Amino acid sequence: MSKFVLKLYITGHTPQSERAIGNLRRICETELQDQFEMEVIDVLEHPQLAENDRIIATPTLVKSLPPPLRRVIGDLSDKERVLLGLDLKSLP
Amino acid sequence: MSANPIQSAIRKLTTGIPGLDAIAKGGLPEGRTTLLAGSAGSAKTVFAVQFLAEGIRQFGQHGVFVTFEEAPADIRRNMATLGWDIAAWEAEGRWTFVDASPLPGEDEIVAGEYDLGALLARIEAAVNRVGARRLAMDSLGSLFGHFNNHALIRSELFRIAAALKLMKITAIMTAERSEEYGDISRYGVEEFVVDNVMILRNVLDGEKRRRTLELLKFRGTEHQKGEYPFTVLPGQGIVVIPLSAIELKQRSSNTRITSGSRELDAMCGGGFFRDSIILVSGATGCGKTLISTEFIAGGAAGGERCLFLAFEESRDQLSRNAAGWGKNFEDLESRGMLKVIAVYPETMGLEDHLIAIKSAIDEFQPSRVAVDSLSALERVSTVKGYREFVIGLTSFIKHREIAGLFTATTARLIGGESITEAHISTITDSIILLRYVEMFGEITRGITVLKMRGSAHDKEIREFSIDASGMHIGQSFRNVTGILSGHPRHVEPHEIKRLDTLFANHDEE
């Protein structure tokens with residue numbers, strides 16, 4: 001399995017942001033073991049990165065690798081939809 | 001101490017968009033967000049871009065453009081034709097984009113709760129980066145198209161508007177309308193997001209497109225009500241035509257000026273007034289161009305600069321006519337006393353004509369203007385559009401305190417009235433009627449001063465003739481009634497005498 005490169009955009013350390021970070025970590029550890037790199041970007045600190053990736057909503061998860069590029073928005077509480085977004089699961 | 005506390009609390013930001021500030025009584029409410037709603041093709045994006053462009057060009061106020069729809073590259077390219085070099089402003093740090101346009105070919109999956117915190121953070125960063133005073137968001141419809149949770153988007157927009165207020169940013173948000181006269185916007189944004197709503201319309205009226213702008217509500221501040229026509233010009237962008245917003249606050253002058261004809265001056269009680277509008281109405285060929293020519297030549301002879309706007313005849317034709325009446329237009333033009341502009345009405349829309357006329361007046365600074373004929377412009381517009389044009393032109397000329405003489409062609413050869421008369425008779429100061437009069441199988445011309453505001457005038461209908469030295473007004477028509485209605489009737493002299501004595505007796509009693 002090729003390595004997953006993930007960026008999680010959040011706006012400040014709000015409960016919603018913390019939920020998204022926790023949910024993502026849990027999903028990655030169970031589904032991807034150690035085959036992932038995860039970077040958390042706070043838009044308040046790095047607005048230019050959000051500008052470059054054209055992020056509007058937060059939290060937004062961006063999967064840069066493996067292709068194709070995918071975006072998942074929300075606090076990632078819906079695990080099934082997150083797996084769909086990471087191409088780890090196809091639609092039934 | 002008479003100022004209303006609410007009104008004094010909300011200041012206006014002069015937009016610099018031509019004509020808008022007049023109807024908005026100073027501009028947009030400063031530090032507030034105004035919703036700009038319009039149907040597809042109503043020039044919302046142009047307006048949004050121009051709002052920032054005028055800020056940069058005229059007031060040194062920097063701007064942030066948040067785009068939800070078109071990519072920045074497209075906006076830069078499209079707006080270049082209107083004369084705005086956005087890329088240069090970006091390089092100078094006076095303009096910045098927040099690009100929220102859709103990413104092509106990519107589905108977003110929603111997995112849980114979210115908000116638009118990233119958008120707000122980017123907007124705040126952009127505002128701080130360029131030190132912005134103005135912001136435009138175009139358009140909300142695309143944002144609503146992007147996210148399914150419309151209630152959330154509405155409350156997030158409210159949060160963004162509140163944040164902009166804290167940053168003292170004057171902002172415009174554009175939104176789609178599905179119909180020209182119906183709900184303000186498709187997603188009900190106006191109800192709780194903004195205090196101020198403007199509507200742009202692009203309506204089909206009698207097979208012609210008319211663009212209008214309406215200030216629907218400006219909470220707590222004054223503005224003009226109703227729809228105002230506007231046009232989009234290359235190199236200029238949106239130009240709003242304020243019409244009645246141009247208050248008729250000009251001083252009315254008691255100074256008399258010559259009409260160019262001594263006899264007509266006498267009929268008017270000593271000439272026209274310095275800053276008045278004179279309407280000359282008559283059928284084709286009965287002397288309207290002649291009166292215009294006399295008016296111009298008389299002004300130029302007294303050292304006044306004159307502008308002749310011709311919509312029926314070419315320059316050469318006008319010069320030949322004038323020469324035939326003993327007036328030398330070429331000489332006047334070479335001495336800079338006269339400028340003749342001859343345009344066919346069909347070359348452009350009425351809004352554009354009005355703007356062209358205004359800029360010609362601004363450029364040449366004449367003391368008098370003749371328009372021959374105003375009614376030729378009727379055929380390139382709808383009745384409503386024409387009425388607005390006439391009012392707009394009249395108020396502009398009065399505002400400049402110059403004398404304006406307009407001619408109007410009546411449809412019928414004998415008697416009759418024109419649409420122009422109906423539209424402007426109340427705002428003109430003087431009305432002169434020229435009529436063909438058929439008497440005993442012969443056609444002669446008659447002239448009468450129907451109205452002369454603020455002055456006594458001759459109320460008789462006089463016969464006039466035209467020769468190589470111009471116009472000659474003669475005796476009044478005796479023993480005739482019904483000339484104006486087009487049914488002259490010869491009245492026996494003894495009958496007139498009888499009526500005279502009847503009233504004389506009455507007076508004595």
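Residues numbered from 1 in each chain as written. Chains lettered and ligands numbered in written order. Predicted model: local features only at pLDDT ≥ 70, side-chain atom pairs only at ≥ 80, totals over all residues. Heavy atoms only, no water.

Looking only at helices and strands, chain B features 16 helices and 25 strands. In chain B, which comprises 509 residues, the proportion classed as buried is 54%. In chain B, of all internal contacts separated by at least 6 residues, the share reaching a separation of at least 24 is 68%. Accessible area for chain B stands at about 21600 Å²; split by element, carbon and sulfur atoms hold 50% of it. (Helix = DSSP H or I, 4+ residues; strand = E, 2+ residues; numbered from the N terminus. Buried < 20%, exposed > 50% of the residue type's maximum accessible area, 1.4 Å probe, protein only. Contact = heavy atoms within 4.5 Å. Areas by Shrake-Rupley, 256 points an atom, 1.4 Å probe, with all protein chains shown as cover.)

Helix and strand counts for chain A stand at three helices and four strands. Ordered by position in the sequence, the α and β elements of chain A form the string β-α-β-α-β-β-α. Out of the 92 residues belonging to chain A, those deemed buried represent 50%. Looking at chain A alone, contacts between residues at least 24 apart form 66% of all its contacts between residues at least 6 apart. For chain A, the computed accessible surface area is about 4500 Å², with 53% contributed by carbon and sulfur atoms.

Sheet architecture is open: five strands sit in the order β2(A)-β1(A)-β3(A)-β4(A)-β6(B), paired in mixed fashion. With partners counted over all chains shown, the strands left at the sheet margins are β2 (36-42) of chain A together with β6 (108-110) of chain B, one partner each. On average, adjacent strands in this sheet sit at an angle of 20° to one another, irrespective of strand direction. As defined by bridge partners, strand β1 (residues 4-10) of chain A adjoins strand β3 (residues 60-65) of chain A across five bridges and the pair is classed as antiparallel. The residue bridging Y9 of chain A from the neighbouring strand is T60 of chain A, located in β3 of chain A. Its contacts with the sheet put helix α1 (residues 15-31) of chain A on β1, β2 and β3 of chain A, and the angle it makes with β1 of chain A is roughly 165°. (Pairing = 2+ DSSP bridges. Axes fitted to C-alpha atoms, helices over the stretch in contact; angles between N-to-C directions.)

Further remarks concern the interface of chain B and chain A. With 28 residues of chain B at the interface, the matching set in chain A holds 30 residues. Of the roughly 2400 Å² buried at the junction of chain B and chain A (both faces included), carbon and sulfur atoms supply 54%. Among the residues of chain B in contact with chain A, I109, A111 and R122 of chain B are the three that bury the most area, contributing 28% of the side total. Scanning the region where chain B abuts chain A turns up four salt bridges. (Buried area = accessible area lost by both parts, 1.4 Å probe. Salt bridge = Lys/Arg side-chain N within 4 Å of Asp/Glu carboxyl O.)

The next point concerns the packing of aromatic side chains. Any aromatic ring pair is given by two values, namely how distant the centres are and how the planes are angled relative to each other. Residue and element names in this part refer to chain B. Considering all chains together, one arrives at eight aromatic pairs over all chains under this definition. Between F272 and F295, the aromatic rings sit 6.0 Å apart at their centres with planes inclined by 55°, giving tilted as the arrangement. You can see F272 sitting in strand β14 (residues 272-273) and its partner F295 sitting in helix α10 (residues 288-301), a full 23 residues away along the chain. In this pair, the class of F272 matches that of F295, namely buried. A connected cluster of aromatic rings, assembled from ring pairs, spans F65, W89, W95 and F97. Just above the ring of F51 sits the side chain of R134; from NZ or CZ to the centre is 4.8 Å. (Phe/Tyr/Trp six-rings, centres within 6.5 Å; stacked < 30°, edge-to-face > 60°. Lys NZ or Arg CZ within 6 Å of the ring centre and 35° of its normal.)

Residues and elements named next belong to chain B. Taken N-terminus to C-terminus, the directions of helix α6 (residues 117-130) and helix α8 (residues 150-166) make an angle of 20°; their axes are 10 Å apart at the nearest point. When the axis of α6 is compared with that of α8, the two are roughly parallel. α8 is crossed by α6, and the crossing has right-handed handedness. Together, G117, L119, L120, I123 and E124 of α6 and E156, R159, I160, A163 and L164 of α8 make up the contact between the two elements. (Parallel < 35°, antiparallel > 145°, perpendicular 65-115°, else oblique. Left-handed = near helix turned anticlockwise from the far one by under 90°.)

Turning to helix α14 (residues 383-399) of chain B, a few remarks are in order. Residues and elements named next belong to chain B. In this model α14 runs 24 Å from its N-terminal to its C-terminal C-alpha over 17 residues, within 8% of the 24 Å that 1.5 Å per residue would give. For α14, a buried count of twelve out of 17 residues is recorded, marking the element as mostly surrounded by other parts of the structure. Among the residues making up α14, those that are buried are G385, Y386, E388, F389, V390, G392, L393, T394, S395, F396, I397 and K398. Among the residues of α14, the N-terminal cap falls to T382, whose side-chain oxygen and the backbone nitrogen of G385 are separated by 3.0 Å. Looking one or two residues past α14, E401 carries a phi angle of roughly 55°, positive in sign. (Expected span 1.5 Å × (residues − 1). Polar contact = N/O pair within 3.5 Å; in protein donor to acceptor, adjacent residues only side chain to side chain.)

We now examine the environment of K327 of chain B. Residue and element names in this part refer to chain B. Its location among the elements puts K327 in the loop between α11 (315-324) and α12 (329-334). Between the C-alpha atom of K327 and that of S469, which follows or precedes it by 142 residues, the distance is 8.0 Å. Discounting residues that sit within four places of it in the chain, K327 has contacts with T293, E294, A297, A322, S469 and G470. In terms of polar contacts, K327 uses its side chain to reach the backbone carbonyl oxygen of W325, at 3.1 Å.

Turning to helix α3 (residues 44-59) of chain B, a few remarks are in order. Residues and elements named next belong to chain B. Here α3 is 16 residues long and its end C-alpha atoms lie 22 Å apart, about the 22 Å a rise of 1.5 Å per residue gives. In terms of burial, α3 is largely enclosed, as 13 of its 16 residues are buried. Phi turns positive, to about 65°, at G60, one or two residues after α3.

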